[in-house]
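Chain and residue survey
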Amino acid sequence: MEAQQASPDSSSEECTVLEALPGKGTTLICSQHKGKVSVLYCLACENAICEDCKKGEHSEHPTDSLENIVDQQLAALQDRVDSAKNRLPQIREAVQCLRDILQQLITQRSSIEEDIHSSFSELHKTLDTRKSVLLMELEVTYGLKQKVLQAQLDTLLQEEAAINHNCSLTGEALDGGNKAVVLQTHKDVGERLSDLASQGLPLQPEENDQLDLMMEIEGLRKSIHNLGTIVTTNAVASQSEASGEGLEQCVVGHPASVIITTRDKSGGLCKTGNAIISAEVCTPDGSVADGEIVDHKNGTYEFQYTVKKEGNFSLALRLYDQHIKGSPFQLKVTCSPDDSPPTTTAANAASTGSSDGGARKRSAKSPGSRSRQKGVRRGGSLFSTPKKRVNPIEDDLIFKIGTKGRNKGEFTNLQGVAACSTGKILIADSNNQCVQIFSNTGEFQSRFGVRGRSPGQLQRPTGVAVHPNGDIIIADYDNKWVSIFSSEGKYKAKLGSGRLMGPKGVSVDQNGHVIVVDNKACTVFIFQPSGKLVTKFGSRGIGDRQFAGPHFAAVNNNNEIIITDFHNHSVKVFNADGDFLLKFGSNGEGNGQFNAPTGVAVDVNGNIIVADWGNSRIQVFDGSGSFLSYINTAADPLYGPQGLALTSDGHVVVADSGNHCFKVYRYLQ
């Protein structure tokens, strides 16, 4: 019987069974023809076959030498192995990048978690302090009222007892009928009874029983309900794009603009702001151009820059430290618009692999409102020195520096301020665990500080001062000590460890002693720089030598110590030994009144400058505490000012904590 011919699409299973011939290595024998060696390869069935198979069911199928096919497939497999191995460096690089991002994410989560705990712990402390103050005020008010009423009651009870006693004596004489006793009683008691009968008595209450509590809790509850926001985006650099005329042409001295549109991993538009974007325009020799990023709060960002010389520049746009599509872009800066090459856009579009260049359409506009808010920027870009903002409205503001963030020239809950004779301004950047240093004109110079609870690290710096020898003294509230650093930021020593409970402000007196205001202990400590305690004074309360949450200190030319008493709404002055001299201020909004004073400084004439935290203003007093004037802050209002100092060129610098910046004001001494 003739064997039925197999179709190329129905390859016989028997032809695919291959066996190694015993003792003959890799020689293949045909499973259909016993003892026959497979030397051919059926291209239709993709199987090794023998000569008999070729004459039979594979007679009409194309074949080739099995050795040739094996060589071809070996080469193809090797190519595929090489191609797969070529992906390994890319995969390893991507894996490392993802590990770095995950590690940074873990670090950020830990940092924010610590900030949340710290912030709410501070709120708890503030509430507990306020609770203590209210209970103290209640006790004092009750005591005053009770003292008046009790004294009145004691007087009336004494008079009642005297009348009863004398009436009793007189009654006995009257009842006895003894004329001698009556005469003697009249002599001894009569006049006394007349006095008791005619004596004016405090019969009407001299005090009242009103003790009420007013607590506006509902508004506070709403504020707490909305307190804090976790800020993030889903934007990724590989999908985000740049567009605008700033990619097509740039003229020397003329502002140029680029729109960055952020997208998620699927290419979808991100609709919120706050992404961390950095931009850098530089030449091959490293010089950079001036620029600024504006966050439109809708997923788009505008980079505005100006180049001051012609030449070939590189524009790098990064999202979370990763280049966006097409970055870095190549720019040719010319002296006039007519000199601009028309091919810049096409070249940049080609670098992205995009055929239509749609990410860089001419005159692209940012959708939505154009609220100009400074975007968050990474350190190390061209923004290492923040741009000064000059207030356009006539008031005492000269300039302000800062926005909320963690980079150079950005702050998170700045607190203490110091100024030194060498023309520097020092800011205690509390929640960023560092001190930032600027010139008197607002130029960023340096910063130092590492988060931690070991000596030399900062956990919550709140106060800063400069010693005459140049050392920088920092009050660390959470570490419960004061750290001393060199003028270059090198750690030298700490003092007050084991004594301090919550140091807030620091200052230096004319003897070089370090004055520490312990906010939590309601005590002022004076140390030698070596750490030896000179003296201390103060306790919790409302008396002249007592405090309720004291904040900052200053020293005048008489070496007198001036303390802001936060919850007692007053400023108190002591001599170098801690003896009370005077106090001024009361709770209110009028001239000379305070709603929780914070920062304090003294000018060369002995006038006292005070930051009024709750009223968001700065007041000026003479050395005896008489109100003189305000510093005009109306055009760009303060929001919860903290530390305050006088610069070496005679201006007032204040930490505008609620606005995450510091401001410098004119001050006529």
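Residues numbered from 1 in each chain as written. Predicted model: local features only at pLDDT ≥ 70, side-chain atom pairs only at ≥ 80, totals over all residues. Heavy atoms only, no water.

All right, on to the sheet that holds strand E34 (residues 580-584) then. If you walk across this open sheet you meet the four strands as E31-E32-E33-E34, and the pairing is antiparallel. Looking at which strands have only one partner, the edges of the open sheet turn out to be strand E31 (550-555) and E34. In this sheet, adjacent strand axes meet at a mean angle of 20 degrees when their direction is disregarded. Judged from the five bridges that link them, strand E32 (residues 561-565) and strand E33 (residues 570-574) form a sheet pairing that is antiparallel. Bridging across to E33, Asp565 finds its partner in Ser570. (Pairing = 2+ DSSP bridges. Helix = DSSP H or I, 4+ residues; strand = E, 2+ residues; numbered from the N terminus. Axes fitted to C-alpha atoms, helices over the stretch in contact; angles between N-to-C directions.)

This next bit is on the layout of surface pockets. The computed volume of the second largest pocket comes to approximately 1,100 Å³. Lining the second largest pocket are 45 residues; nearest its centre among them are Ala419, Cys420, Val466, Ser507 and Leu646. Those elements that provide at least two residues to the lining of the second largest pocket are strand E17 (414-420), strand E18 (424-429), strand E21 (461-466), strand E25 (503-508), E31, strand E35 (597-602) and strand E39 (641-646). With five residues, E17 is the largest single contributor of residues to the lining of the second largest pocket. Of the residues that constitute the lining of the second largest pocket, the class distribution is 24 nonpolar, 18 polar and three charged. (1 Å grid on protein atoms, 1.4 Å probe; cavity = no way out; pocket = protein on both sides within 12 Å on 5 of 7 lines; lining within 4 Å. Points joined across faces, edges and corners; volume = space filled by probe spheres on them. Nonpolar A, V, L, I, M, F, W, Y, C, P; charged D, E, K, R; others polar.)

Take the sheet that holds strand E5 (residues 63-65) next. The pairing of strands in a sheet comes from backbone hydrogen bonds and takes either a parallel or an antiparallel form. Here we have three strands laid out as an open sheet, ordered E4-E3-E5, and antiparallel in their pairing. Both outer strands of the open sheet, strand E4 (47-49) and E5, are each paired with one neighbouring strand and no more. The mean inter-strand angle of the sheet, taken between neighbouring strand axes irrespective of direction, is 35 degrees. Bridge count for strand E3 (residues 40-42) against E4 is three bridges, and the pairing is antiparallel. Opposite Cys42, over in E4, you have Asn47 as the bridge partner.

With respect to the helices, strands and loops of the structure, Phe537 is situated in strand E28 (residues 533-537). When its relative accessible area of 3% is taken as the criterion, Phe537 is described as buried. It is 5.7 Å that separates the C-alpha atoms of Phe537 and Thr523, two residues lying 14 residues apart in sequence. Not counting residues up to four positions away in its chain, the partners in contact with Phe537 are Thr523, Val524, Ile526, Arg545, Phe547, Ile561, Phe574 and Gly578. (Buried < 20%, exposed > 50% of the residue type's maximum accessible area, 1.4 Å probe, protein only. Contact = heavy atoms within 4.5 Å.)

All right, on to the pattern of salt bridges then. Considering all chains together, one arrives at 19 salt bridges under this definition. Note that Asp295 and Lys297 form a salt bridge whose closest N and O atoms lie 3.5 Å from each other. The class for Asp295 is buried, based on a relative accessible area of 2%. The exposure class assigned to Lys297 is partly exposed, which follows from its relative accessible area of 32%. (Salt bridge = Lys/Arg side-chain N within 4 Å of Asp/Glu carboxyl O.)

If you look at the biggest cluster of nonpolar residues, it comprises 26 residues, and the most contacted ones within it are Val258, Phe303, Tyr305, Leu315 and Leu317. When residues of this core are traced back to their parent elements, those giving at least two are strand E6 (236-243), strand E8 (256-263), strand E9 (277-282), strand E11 (300-306), strand E12 (311-319) and strand E14 (329-334). It is E12 that contributes the most residues to this core, four residues altogether. The contacts of Leu317, once residues within four sequence positions are left out, are Ala242, Val258, Ile260, Ser278, Ala279, Phe303, Gln322, His323, Ile324, Ser327 and Phe329. (Core = buried A, V, L, I, M, F, W, Y, C linked by side-chain atoms within 4.5 Å.)

Let us now look at empty space enclosed by the protein. Summed over all chains, the structure comprises two cavities of 30 Å³ or more. Its volume calculated, the second largest cavity comes out at about 60 Å³. In terms of lining, the second largest cavity is formed by Glu114, Asp115, Ser118, Ser119, Ser430, Asn431, Gln433, Arg451, Gln459, Arg460 and Asp478. Its residues placed into classes, the lining of the second largest cavity shows no nonpolar, six polar and five charged.

Structurally, Asn556 can be placed in the loop between E31 and E32. From its side chain, Asn556 meets the backbone nitrogen of Asn558 in a polar contact 3.0 Å long. Once residues lying within four places of it in the same chain are set aside, the contact partners of Asn556 are Gln510, Ile562 and Val602. (Polar contact = N/O pair within 3.5 Å; in protein donor to acceptor, adjacent residues only side chain to side chain.)

Put simply, Ser327 and Pro328 share a cis peptide bond, and its omega is 0 degrees. Checked against the element boundaries, Pro328 lands in the loop between strand E13 (322-323) and E14. The phi dihedral of Tyr320 is positive, around 55 degrees, even though this residue is not glycine. Checked against the element boundaries, Tyr320 lands in the loop between E12 and E13. Take Tyr320: its relative accessible area is 26%, and that puts it in the partly exposed class. One non-glycine residue with positive phi stands out, namely Ser616, at about 50 degrees. You can see Ser616 is positioned in the loop between strand E36 (608-612) and strand E37 (617-621).

In this section: the packing of aromatic side chains. Any aromatic ring pair is given by two values, namely how distant the centres are and how the planes are angled relative to each other. Taken as a whole, this structure holds 17 aromatic pairs when the rule is applied. Site record: aromatic cluster; members linked through ring pairs are Phe584, Phe594, Phe621, Phe627 and Tyr630. Positioned over the ring face of Tyr477 is Arg460, at 4.7 Å from the centre of the ring. In this structure, Lys494 packs its charged tip against the face of Trp481, placed 4.7 Å from the ring centre. (Phe/Tyr/Trp six-rings, centres within 6.5 Å; stacked < 30°, edge-to-face > 60°. Lys NZ or Arg CZ within 6 Å of the ring centre and 35° of its normal.)

This brings us to a nonpolar patch on the surface. Nonpolar side chains collect at one region of the surface, where Ile112, Ile116, Phe120, Leu123, Leu227 and Ile230 lie side by side and expose about 500 Å² of accessible area between them. Along the polypeptide, Ile112 turns up in helix H2 (residues 66-176). Since its relative accessible area comes to 32%, Ile112 is described here as partly exposed. (Patch = residues over 30% accessible without salt bridge, like charges linked within 9 Å, V, L, I, M, F, W, Y side chains within 5 Å. Areas by Shrake-Rupley, 256 points an atom, 1.4 Å probe, with all protein chains shown as cover.)

As paired elements, strand E23 (residues 481-485) and strand E24 (residues 491-495) share four bridges and run antiparallel to each other. Residue pairing across strands places Ile484 opposite Ala493, the latter belonging to E24. Between E23 and the antiparallel strand that follows it, E24, lie five residues; Gly489 among them carries a positive phi value of about 90 degrees.

All right, on to the environment of Arg451 then. Looking at the secondary structure, you find Arg451 in the loop between strand E20 (444-448) and E21. Judged by relative accessible area, Arg451 falls into the partly exposed class, the value being 26%. Placed 20 residues apart in sequence, Arg451 and Asn431 show a C-alpha to C-alpha distance of 9.5 Å. Discounting chain neighbours no more than four positions away, the residues touching Arg451 are Ser111, Glu114, Asp115, Arg406, Asn431, Gln433, Gln457, Leu458 and Gln459. In this structure the side chain of Arg451 is engaged in a polar contact, spanning 3.2 Å, whose partner is the side chain of Glu114.

With that settled, the discussion passes to the packing of H2 against helix H3 (residues 179-198). For any two helices packed against each other, the geometry comes down to the angle between their axes and how far apart the axes lie. Packing of H2 against H3 leaves a shortest axis separation of 10 Å and a crossing angle of 155 degrees. The orientation of H2 with respect to H3, classified from their angle, is roughly antiparallel. Of the two possible hands of crossing, H2 and H3 adopt the one that is left-handed. Where H2 abuts H3, its residues Glu159, Ala162, Ile163, Asn166, Cys167, Leu169, Thr170 and Ala173 lie against Val181, Val182, Thr185, Val189, Arg192, Leu193 and Leu196. A breakdown of the residues in the contact of H2 with H3 according to their chemical character gives ten nonpolar, three polar and two charged. (Parallel < 35°, antiparallel > 145°, perpendicular 65-115°, else oblique. Left-handed = near helix turned anticlockwise from the far one by under 90°.)

All quantities given are derived from atomic positions and should not be read as evidence of function.
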